[in-house]
Amino acid sequence: MKQVTITRRARFNAAHKLWNEGWSEEKNFEVFGKCANHNWHGHNYEVFVTVRGTIDESTGYFMNFTELKALIQEYVEEPLDHKNLNLDVPWLFGKQTSVENLVIGIWEQLEPHLAKSGCVLERVRLYETENNYADYYGES
Ligand code: NI
């Protein structure tokens, strides 16, 4: 069977800081640098959600982009956009709000809903800056 992937992009803006409560202030700044700024800093995040499936010949696709867009809006953009990732997002509580942890969290939020639609989540790619991004492919 021929399988294809489709990818939907979404964007959100959010604030965060990297901080380890178990460390001294000095060590936090030594490890995290300006990412440890007490009064937060922001990023314009860009997320690419890729799903895989087999084309239904009657439609020519396996998942309507509108459906994918709606799931990303509900489970990624609404909970994260214009939020403080450290304080406002329950599924990030107790974790560092690094791009790595965030991409895993986004996967975990989306995957059950995509599975319900009969789709396989292939990859989530999250850009924290133009030059830095993380990929997650699920647990191996
Ligand atoms: Ni940052």
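The structure we're discussing is the one just above.
Note that this is a predicted model, so its numbers are computed, not measured.

**Student:** What is the right way to look at helix 2 (residues 65-80) in this model?
**Tutor:** Because an α-helix packs 3.6 residues into every turn, residues spaced three or four apart end up facing the same way. End to end, helix 2 covers 21 Å across 16 residues, agreeing with the expected 22 Å (1.5 Å per residue, within 8%). Of all the bends in helix 2, the largest measures some 40° and sits at Gln73. Looking at the buried positions of helix 2, the neighbouring elements they touch are strand 1 (3-16), strand 2 (41-54), strand 3 (83-84) and helix 3 (99-116). With a side-chain oxygen lying 2.8 Å from the backbone nitrogen of Thr66, the N-terminal cap of helix 2 falls on Asn64. Just downstream of helix 2 lies His82, where phi reads positive at about 60°.

**Student:** Help me out: how do you make sense of the nonpolar core in this one?
**Tutor:** Soluble, globular proteins show a tendency: their nonpolar side chains are buried together. Counting 33 residues, the largest nonpolar core has Phe12, Val51, Leu102, Ile106 and Leu110 as the members making the most contacts within it. Sorting the residues of this core by element identifies strand 1, strand 2, helix 2, helix 3, strand 4 (120-127) and strand 5 (133-136) as the ones contributing at least two each. Examining the composition of this core, we find that seven residues originate from one element, helix 3, more than from any other. Excluding residues that lie within four positions of it along the chain, Phe12 makes contacts with His43, Asn44, Tyr45, Val47, Val76, Leu80, Asp81, Leu102, Ile106 and Leu126.

**Student:** Where do I start with the coordination of the nickel ion in this structure?
**Tutor:** A metal bound by six donors in octahedral fashion has ideal angles of 90 or 180 degrees, whereas one bound by four tetrahedral donors has an ideal angle of 109.5 degrees. Surrounding the nickel ion are the protein donor atoms His16 (NE2), His41 (NE2) and His43 (NE2), at 2.0 to 2.1 Å. Mapped onto the polypeptide sequence, the residues donating to the nickel ion form the spacing pattern H-x24-H-x1-H. On the basis of relative accessible area, His43 is assigned to the buried category, the value being 14%.

**Student:** Sorry, what's going on with helix 3 here?
**Tutor:** When the terminal C-alpha atoms of helix 3 are compared, their 26 Å separation across 18 residues agrees well with the 26 Å that a helix rising 1.5 Å per residue should span. Of all the bends in helix 3, the greatest, near 35°, is centred on Leu110, and the proline Pro112 appears no more than four residues after it. All of the buried residues in helix 3 are Val99, Leu102, Val103, Gly105, Ile106, Trp107, Leu110, His113 and Leu114. In the core, the buried residues of helix 3 are packed alongside strand 1, strand 2, helix 2, strand 4 and strand 5. In the stretch just after helix 3, Gly118 is the one whose phi turns positive, near 80°.

What counts, and where the lines are drawn
Residues numbered from 1 in each chain as written. Predicted model: local features only at pLDDT ≥ 70, side-chain atom pairs only at ≥ 80, totals over all residues. Heavy atoms only, no water. Helix = DSSP H or I, 4+ residues; strand = E, 2+ residues; numbered from the N terminus. Expected span 1.5 Å × (residues − 1). Bend = angle between axes of the 7 residues up to and from the residue. Contact = heavy atoms within 4.5 Å. Polar contact = N/O pair within 3.5 Å; in protein donor to acceptor, adjacent residues only side chain to side chain. Core = buried A, V, L, I, M, F, W, Y, C linked by side-chain atoms within 4.5 Å. Buried < 20%, exposed > 50% of the residue type's maximum accessible area, 1.4 Å probe, protein only. Donors = N, O, S within 2.8 Å, 3.2 Å for Na, K, Ca; no water.

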